[in-house]
Amino acid sequence: QRREFHRSVPAAVQMTVRDALNQAMDEELERDERVFLLGEEVAQYDGAYKVSRGLWKKYGDKRIIDTPISEMGFTGIAVGAAMAGLRPICEFMTFNFSMQAIDQIINSAAKTYYMSAGLQSVPIVFRGPNGASAGVAAQHSQCFAAWYGHCPGLKVVSPWNSEDAKGLLKAAIRDENPVVVLENELLYGVPFEMSEEAQSKDFTIPIGKAKIERQGDSEQWTLFQSSQHLCVNSVTNLT
């Protein structure tokens, strides 16, 4: 018999949620010249939470655009650009500030496809940190998942690990309709394992398909419903 060296199993590749989001935007910016990113401090400062780190140096002022502190203004610009055939990624420094642009998000982006009888699509992504974080007070801590989840015309995703973050953001950018990507600020710096499939530039996660994290059984679910007296609605546009 021939003796061989012992080979250990390769360590799984790990990536933070921040880097996964960055990689998703980088790959889509490279793949499609119609894609661009705009928002407050996304370019020269590399993003308030460093999600857009390095993109301005790679793609320049025309693709990574710093905006004034005016959500109403730059969101309107982004929606108009989407209607004109571009594919903007509109970053809110926090989704609390998206309330300044609620008219553009709902009445312009979300409703246009239906109001035009399907003739005018609005391929735009609204993304940024959402929900509670550490030491950011009331104006930076609200969760808007339920708000946007109840708006017809919007697709809403909320990734938690790195694979979900990358796959869902890439799917959102490629989608022909407005997608709200709610990111968790506390998870930005948390590393998760990335499968070989997720490291591919073609990796996407279909929007609207439920992800089963752990298989349960109907008996436990029935007991949970009866004990909690809950009326459970199916929310297919949240992942």
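For the structure, see preceding data.
What counts, and at which threshold
Residues numbered from 1 in each chain as written. Predicted model: local features only at pLDDT ≥ 70, side-chain atom pairs only at ≥ 80, totals over all residues. Heavy atoms only, no water. Helix = DSSP H or I, 4+ residues; strand = E, 2+ residues; numbered from the N terminus. Buried < 20%, exposed > 50% of the residue type's maximum accessible area, 1.4 Å probe, protein only. Contact = heavy atoms within 4.5 Å. Areas by Shrake-Rupley, 256 points an atom, 1.4 Å probe, with all protein chains shown as cover. Salt bridge = Lys/Arg side-chain N within 4 Å of Asp/Glu carboxyl O. Axes fitted to C-alpha atoms, helices over the stretch in contact; angles between N-to-C directions. Parallel < 35°, antiparallel > 145°, perpendicular 65-115°, else oblique. Left-handed = near helix turned anticlockwise from the far one by under 90°. Nonpolar A, V, L, I, M, F, W, Y, C, P; charged D, E, K, R; others polar. Expected span 1.5 Å × (residues − 1). Arc of directions from axis to C-beta.

This next bit is on the overall build of the protein. For the protein, the helix and strand inventory stands at eight helices and eight strands. Evaluated residue by residue, the protein yields a buried proportion of 44% over its 239 residues. Intrachain contacts of the protein at a sequence separation of at least 6 include 81% that bridge at least 24 residues. When the accessible surface of the protein is totalled, it reaches about 13600 Å², and 54% of it is carbon and sulfur.

With that settled, the discussion passes to the pattern of salt bridges. Under the defined criterion, the tally for this structure stands at 14 salt bridges. Notably, a salt bridge pairs Glu28 with Lys170, separated by 2.7 Å at the nearest N-O pair. Highlighted residues: Glu28 in helix H1 (residues 17–31) and Lys170 in helix H7 (residues 162–174), separated in sequence by 142 residues. The pair formed by Glu28 and Lys170 is uniform in burial state, with each residue classed as buried.

Take the packing of H1 against H7 next. Contact pair H1 / H7: the axes reach a minimum separation of 8 Å and the direction vectors enclose 30°. When the axes of H1 and H7 are compared, the pair comes out roughly parallel. Note that H1 runs across H7; the crossing there is right-handed. Of the residues in H7, those touching H1 at Val17, Ala20, Leu21, Gln23, Ala24, Met25, Glu27, Glu28 and Arg31 are Ser162, Ala165, Lys166, Leu169, Lys170, Ile173 and Arg174. Among the residues making up the contact of H1 with H7, the classes are represented as eight nonpolar, two polar and six charged.

Attention now moves to helix H3 (residues 71–83). With 13 residues, H3 ought to run about 18 Å at 1.5 Å a step, and its terminal C-alpha atoms sit 18 Å apart, in line with that. Within H3, burial applies to Glu71, Phe74, Thr75, Ala78, Val79, Ala81 and Ala82. An end-on view of H3 places all buried positions within 160° of arc, on one side of the element. Against the buried residues of H3 lie strand E2 (35–39), strand E4 (87–91), helix H4 (102–110) and strand E5 (125–129).

In short, geometric facts, not functional conclusions.
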